[in-house]
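Report on the structure
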Amino acid sequence: MTAELCDLTAHDLSAKLAAGDVRAIDVLESTLRRIDQVDERLHTFLTRTEGQARTQAGLVDERVARREEVGPVAGIPLALKDVFCTKGIRTTAGSKILEPYVPPYDCTPWERLQAGGAVLVGKTNCDEFAMGSSNENSAFGPVRNPWNLETVPGGSSGGSAAAVASGQAVWALGTDTGGSVRQPASLCGVVGFKPTYGRISRYGLIAFASSLDHVGTFTRDVRDAATILSAIAGHDPRDATSLPEPAPHYGAGLDAGVQGLRVGVMEDWLGTEGVQPAVRDSVRAAVDRLVGLGATAETASLPHADYALSAYYLIAPAECSSNLARYDGVRYGYRAPGGGDVMEMNMRTRGAGFGDEVKRRIMLGTYSLSAGYYDAYYGQAQKVRTLVIRDYEEAFRRFDVLVSPTSPTTAFRLGEKTEDPLAMYLSDIFTIPSDLTGTPAVSIPCGLSPDGLPIGFQIMGRLMDEATVLRVAFALEQDLRFAARPPLLEALSA
Amino acid sequence: MPVEIDVQHVARLARLALTEEEQERFRRQLGLILEHAENVREVAAVDVPPTSHPIPRSNVLRPDDPAPSLSHEEAMASAPEEESDRFKVPRVVEQE
């Protein structure tokens, strides 16, 4: 099958729209056709918004017809993970407890994209409250990986990753708290980018762990990542954690190359038991490419990163147990029937409304914050966080970027890790450290395993230095020319 | 060794009604997760300050300008139960 409009990059489509070669409505119809063809098998969307999307696309076409200048996100089909509040459009966070919830306001990222003429095709499936690494924790059933329907797309933003990988959206937003953008991007063969903590406003996002939650992007290439980031980044007075520093235009300097750039290779991580040989080989080959392009590569290490996973699984549940206290069955969302008094109603609502993993983490967080245990667990984890931050600072004195696999493995089979939470948690072992430190990191596809599944290459940068991360990613992407597509798409009739 | 936790007590603190099967499963799983997580104690020395936030900020304020907020109808629109334009809940007092 030849590529259709829905398979192109946003920058290609934007150029065609501006030149009058295609209309936004054509791009949208191509995308909606693809959704009709594959969504039943992939279960990517929880809510589809085609009616509204047609209106939005029509407005863009009218502006182009009037020869008004439209921006780089105008007319481009977008999907949002179902934790981004969208006014008048159901937003569930993949949870039964929010199944009936229709937000009365828009989150800032969507507000900014909407102002730029973006076309929203739907809200994507995800692990409940963004807690998970496989999308199997969605209350509405798992997403399947377009590369192999028996495998998971990763998580928690699995629906957004699968949508972009399968042409059901040209780009998408997700959230990354422990790797929930980069890991599914890796498993689905797309670009997943998490900028610096606070770079993108979280106003209107359903919170999981507030000191760790980041908004991130899913795109087909690095240029698109820079484009959509530029459209949504920047200070927002409605989010107290939003960075006051002005956000640069991330497309500038993308093609400056990597000559003389110092790349730190996470050899310890590559040597970890559990890293698949194909992943190790592919990542090493990508490092060689960077050296071929003029960068230098040396072994880097983050001595306390081994403790990052433990720290994360104390800090994130602690914050989630506090954030999710608001779901009490009183003001919005699901309420369990019966219940003699308020306490009983709260307990029954939460017991029936939350799924296993969410309950597990609320319990874990409640325990580690409870009297007598706070210092031993949460307090210690916060100290480890300091040590990991110091490790990064130290490493970035020697290196401009650090590189590693994004995840130890390619996509795993549905059900493979659901009975073993610890095994599931290990899937995020290489992505968690950059969430603890708040530093920018990207995953780009760097090859396929022998069984035809994508492998992700992670590039981590200094705080606030998205530009270098994107520059390295762009150089590597141009050199690797990863062009494989999910077999599912090849099998579609045009 | 897996950590022993009082699941019923924690579930009540967390306002979660759990089935007996869930209590047993979470007791086992949380014990294992905490056992693994305990290694944070190996490295965190007393002289290391805790980090609560990757980019520390304090006293983030915005101008106190009045602006329109949600209407009463919008705020009530998703209420599971309401009466006379108010959120309705089961009785709060007289629990004993």
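Reading the values: rules and limits
- Residues numbered from 1 in each chain as written.
- Chains lettered and ligands numbered in written order.
- Predicted model: local features only at pLDDT ≥ 70, side-chain atom pairs only at ≥ 80, totals over all residues.
- Heavy atoms only, no water.
- Helix = DSSP H or I, 4+ residues; strand = E, 2+ residues; numbered from the N terminus.
- Rg over C-alpha atoms; globule rule 2.2 N^0.38 Å.
- Buried < 20%, exposed > 50% of the residue type's maximum accessible area, 1.4 Å probe, protein only.
- Areas by Shrake-Rupley, 256 points an atom, 1.4 Å probe, with all protein chains shown as cover.
- Lys, Arg positive; Asp, Glu negative; His and termini not counted.
- Charge placed at Lys NZ, Arg CZ, Asp CG, Glu CD.
- pLDDT = per-residue confidence, 0-100.
- Pairing = 2+ DSSP bridges.
- Axes fitted to C-alpha atoms, helices over the stretch in contact; angles between N-to-C directions.
- Phe/Tyr/Trp six-rings, centres within 6.5 Å; stacked < 30°, edge-to-face > 60°.
- Contact = heavy atoms within 4.5 Å.
- Buried area = accessible area lost by both parts, 1.4 Å probe.
- Salt bridge = Lys/Arg side-chain N within 4 Å of Asp/Glu carboxyl O.
- Polar contact = N/O pair within 3.5 Å; in protein donor to acceptor, adjacent residues only side chain to side chain.
- Nonpolar A, V, L, I, M, F, W, Y, C, P; charged D, E, K, R; others polar.
- Disulfide = S-S within 2.5 Å.
- Patch = residues over 30% accessible without salt bridge, like charges linked within 9 Å, V, L, I, M, F, W, Y side chains within 5 Å.

This next bit is on the overall build of chain A. Broken down by element type, chain A carries 17 helices and 11 strands. For 494 residues, the compact-globule estimate of 2.2 N^0.38 gives 23 Å, and the C-alpha radius of gyration of chain A, at 21 Å, lies within 12% of that figure. Taking the principal axes of the C-alpha coordinates as reference, chain A spans close to 65 × 55 × 45 Å. Looking at the 494 residues of chain A, the share that counts as buried comes to 66%. Of the accessible surface of chain A, which amounts to about 15500 Å², a share of 50% is contributed by carbon and sulfur atoms. Each charge sign in chain A was given a centre, from 47 positive and 59 negative side chains, and these centres are 3 Å apart.

Residues and elements named next belong to chain B. With 96% of its residues at a pLDDT of 70 or more, chain B has an overall mean of 90. Mean pLDDT across the secondary structure elements of chain B bottoms out at helix α3 (residues 40–43), with 86, and peaks at helix α1 (residues 7–13), with 96. Two summary scores accompany this predicted model of the complex, namely pTM at 0.97 and ipTM at 0.94.

Moving on to the sheet that holds strand β4 (residues 171–176) of chain A. Residue and element names in this part refer to chain A. The strand order across the open sheet formed by 11 strands is β1-β3-β2-β4-β6-β5-β10-β11-β9-β7-β8, and the pairing between neighbours is mixed. Of all the strands in the sheet, the pair left with one neighbour each is β1 (45–48) and β8 (296–300). When the angles between neighbouring strand axes are averaged without regard to direction, this sheet yields 30°. Where strand β9 (residues 401–405) meets strand β11 (residues 454–460), 4 bridges bridge the pair, whose relative direction is antiparallel. From the neighbouring strand, V403 faces β11, where its bridge partner is I459.

Here we come to the packing of aromatic side chains. Residue and element names in this part refer to chain A. This structure, assessed with the given rule, holds 15 aromatic pairs over all chains. Ring geometry for F129 against Y327: centres 5.0 Å apart, planes inclined by 50°, an arrangement best described as tilted. Remark: Y327 occurs in the loop between α10 (308–323) and α11 (342–353) and F129 occurs in the loop between β3 (119–124) and α5 (158–165); sequence separation between them is 198 residues. Accessibility classification places F129 together with Y327 in one group, the buried group. Taking 6.2 Å as the distance between ring centres and 75° as the angle between the ring planes, the aromatic pair formed by Y327 and Y332 counts as edge-to-face. Aromatic ring contacts, followed pair by pair, group Y101, F129, Y327, Y332 and F354 into a single cluster.

At the interface, 68 residues of chain A touch 56 residues of chain B. With both sides pooled, the region where chain A packs onto chain B buries about 5400 Å², and carbon together with sulfur makes up 67% of that total. Broken down residue by residue, the surface that chain A buries against chain B is led by M347(A), M363(A) and K383(A), which jointly contribute 12%. Put simply, chain A and chain B have 4 salt bridges between them. Taking the shortest distance from any N to any O, the salt bridge between R25(B) and D356(A) comes out at 2.4 Å. The interface formed by chain A and chain B contains 19 residue pairs in polar contact (both at pLDDT 80 or more). Looking at the side of chain A that touches chain B, the elements with two or more residues in it are α10, α11, α12 (356–369), α13 (375–398), α14 (421–425) and α15 (432–437) of chain A. For the side of chain A that touches chain B, the element with the highest residue contribution is α13(A), accounting for 12 residues. Residues of the side of chain A that touches chain B, tallied by class, amount to 35 nonpolar, 18 polar and 15 charged.

Residues and elements named next belong to chain A. If you trace the backbone, T177 turns up in the loop between β4 and α6 (182–188). Side chain to side chain, T177 and D213 meet in a polar contact 2.6 Å long. Discounting residues that sit within four places of it in the chain, T177 has contacts with F208, A209, L212, D213, Y312 and D435.

Residue and element names in this part refer to chain A. For the structure shown, the criterion picks out 0 disulfides over all chains. Free cysteine: C85, not disulfide-bonded; nearest cysteine sulfur from C107 at 6.8 Å. You can see C446 has no disulfide; the closest cysteine sulfur is in C188, sitting 15 Å from it. By relative accessible area, which is 9% here, C446 ends up buried.

Turning our eyes to something else, we now look at the side chain of S156(A). All names here are of chain A. Within the secondary structure, S156 is located in the loop between β3 and α5. Among the polar contacts listed, one links the side chain of S156 to the backbone oxygen of A130, at a separation of 3.2 Å. Here S156 is in contact with K81, N125, C126, D127, A130, M131, G132, N135, T175 and S180, once residues within four sequence places are set aside.

Summarising the element assignment, G452(A) is placed in the loop between β10 (441–448) and β11. Counting along the chain gives 33 residues from G452(A) to R485(A), while the straight-line C-alpha distance between them is 10.0 Å.

This part covers the pairing of β11(A). As a general feature of sheets, a regular strand has side chains that alternate between the two faces. Residue and element names in this part refer to chain A. Within β11, 7 of the 7 residues are buried, which leaves the element mostly enclosed by the surrounding structure. Residues of β11 alternate between two faces, with P454, G456, Q458 and M460 on one and I455, F457 and I459 on the opposite face, all of them buried. Sheet topology note: the β10/β11 ladder contains 7 bridges and is antiparallel. When the bridges of β11 are listed, P445 appears paired with G456.

Scanning the entire structure with this criterion turns up 38 salt bridges over all chains. Shared partners join several salt bridges into a network, and the residues in it are D7(A), R34(A), R485(A) and E490(A).

All names here are of chain B. Where like charges cluster on the molecular surface, the negative patch consists of E73, E74, E82 and D85. Examined against the element boundaries, E82 turns out to sit in strand β1 (residues 82–83). Under the relative-accessibility criterion, E82 is labelled partly exposed at 41%.

Let's shift gears to unusual backbone geometry. Residues G155(A) and S156(A) are joined by a peptide bond in cis, for which omega reads 10°. Although it is not a glycine, A130(A) sits at a positive phi angle of roughly 65°. Tracing the backbone through its elements, the reader meets A130(A) in the loop between β3 and α5. Despite not being glycine, S84(B) shows a phi value in the positive range, around 50°. Tracing the backbone shows S84(B) in the loop between β1 and β2 (86–87). On the basis of relative accessibility, which here comes to 54%, the residue S84(B) falls in the exposed class.

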